[in-house]
Amino acid sequence: MKTLRLLPFLALAAAAPAAAQDKPASAAEIVDAINACKAITSPTWIELDDLSKHGWKPYRKPAGRRAQVVRGAYEKQGNEALIIISKAELRDKACVIFARLDNTADYGPTAQSVSQFVGMPTHAEGPTYFWSLGDGMKMRIDPTGDKDKPIARFEIKATAQESAE
């Protein structure tokens, strides 16, 4: 009888996807998310449906026996970063990436590691770094979260390109 009661829990444990943000995202994982954000972001629209073409799907947070879809959050199997696109990001035409950090001291090294893939920041304002990613794409990184759960927040926006005359 006890075995029958455990079967639903065992099935759920086997079927549940690895939750994003269990451990810090690597620079390569963050860059994968940046590339997905660049692909879906324009100065006038965020093409959410195209995230699936890049392997990203709605984030499912474990909640008891089931997984609950978290609106505006997207995960990719094997990638610890999360893409966040809430109503505020849709309004601002921004694609945001959350990358968990082991501790607050990892913020600078994470920004530096990402720079190896996307180039050096164009400037900084306090702890915020800014990049020009080409093709009218801009990115900023800010520290967020708290001492126990620090996060590097990356924001990608497309700017309207001026035509050369």
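Residues numbered from 1 in each chain as written. Predicted model: local features only at pLDDT ≥ 70, side-chain atom pairs only at ≥ 80, totals over all residues. Heavy atoms only, no water.

Student: Now, about helix α2 (residues 27-40): what can you tell me, with residues and values included?
Tutor: Helix length check: α2, at 14 residues, gives a terminal C-alpha distance of 20 Å against a target of 20 Å (1.5 Å per residue), a fit within 8%. Listing the buried residues of α2 in full gives Ala27, Glu29, Ile30, Val31, Ala33, Ile34, Ala36, Cys37 and Ile40. Looking at the buried side of α2, the elements it contacts are β3 (79-84), β4 (94-100), α4 (107-118), β6 (128-134), β7 (137-145) and β8 (150-158). (Helix = DSSP H or I, 4+ residues; strand = E, 2+ residues; numbered from the N terminus. Expected span 1.5 Å × (residues − 1). Buried < 20%, exposed > 50% of the residue type's maximum accessible area, 1.4 Å probe, protein only. Contact = heavy atoms within 4.5 Å.)

Student: Account for the sheet that holds strand β1 (residues 57-63), naming residues and giving values.
Tutor: Taken in spatial order, the eight strands line up as β1-β2-β3-β4-β8-β7-β6-β5 in an open sheet, and their pairing is antiparallel. Two strands lie at the open edges of the sheet, namely β1 and β5 (123-125), each paired on one side alone. Direction aside, neighbouring strands of the sheet carry axes that sit 35° apart on average. Taken strand by strand, α2 contacts β2 (66-76), β3, β4, β6, β7 and β8, and its axis lies near 30° from that of β3. (Pairing = 2+ DSSP bridges. Axes fitted to C-alpha atoms, helices over the stretch in contact; angles between N-to-C directions.)

Student: Please give an account of the side chain of Arg153 that cites residues and values.
Tutor: Positionally, Arg153 belongs in strand β8. Side chain to side chain, Arg153 and Glu155 meet in a polar contact 3.2 Å long. (Polar contact = N/O pair within 3.5 Å; in protein donor to acceptor, adjacent residues only side chain to side chain.)

Student: Tell me about the confidence of the model for the chain, and name the residues and values.
Tutor: A residue-level look at the chain finds 84% of positions with pLDDT of 70 or above and a mean pLDDT of 85. Counting interchain partners and residues more than four positions distant, the pLDDT-below-50 stretch residues 1-20 has 15 contacts. (pLDDT = per-residue confidence, 0-100.)

Student: Tell me about the state of the cysteines, and name the residues and values.
Tutor: Counted by the stated rule, this structure contains one disulfide. Here Cys37 connects covalently by a disulfide to Cys95, the sulfurs 2.0 Å from one another. In this structure the cystine formed by Cys37 and Cys95 twists about its S-S bond by roughly -55°; its chirality is therefore left-handed. Of the two residues, Cys37 is situated in helix α2 and Cys95 in strand β4; the sequence distance between them amounts to 58 residues. (Disulfide = S-S within 2.5 Å.)

Student: Could you give an account of α4, naming the residues involved and the relevant values?
Tutor: For α4, spanning twelve residues, the distance from its first C-alpha to its last is 16 Å, which sits close to the expected 16 Å at 1.5 Å a residue. Burial in α4 covers these residues: Tyr107, Thr110, Ala111, Val114 and Ser115. Looking straight down α4, one finds its buried side chains confined to an arc of 145°; they lie on one side. The outward face of α4, more than 90 degrees from its buried face, is lined by the exposed residues Gln112 and Gln116. Downstream of α4 by one or two residues, Gly119 has phi in the positive range, about 95°. (Arc of directions from axis to C-beta.)

Student: Run through the packing of α2 against α4, naming residues and quoting values.
Tutor: Contact geometry for α2 and α4: axes closest at 9 Å, N-to-C directions at 60°. The pairing of α2 with α4 is recorded here as oblique in orientation. Once α2 is placed against α4, the crossing between them reads as right-handed. In this structure, α2 contributes Ala27, Ala28, Ile30, Val31 and Ile34 to the contact, and α4 contributes Thr110, Ser113, Val114 and Phe117. In terms of residue class, the contact of α2 with α4 is built from seven nonpolar, two polar and no charged. (Parallel < 35°, antiparallel > 145°, perpendicular 65-115°, else oblique. Left-handed = near helix turned anticlockwise from the far one by under 90°. Nonpolar A, V, L, I, M, F, W, Y, C, P; charged D, E, K, R; others polar.)

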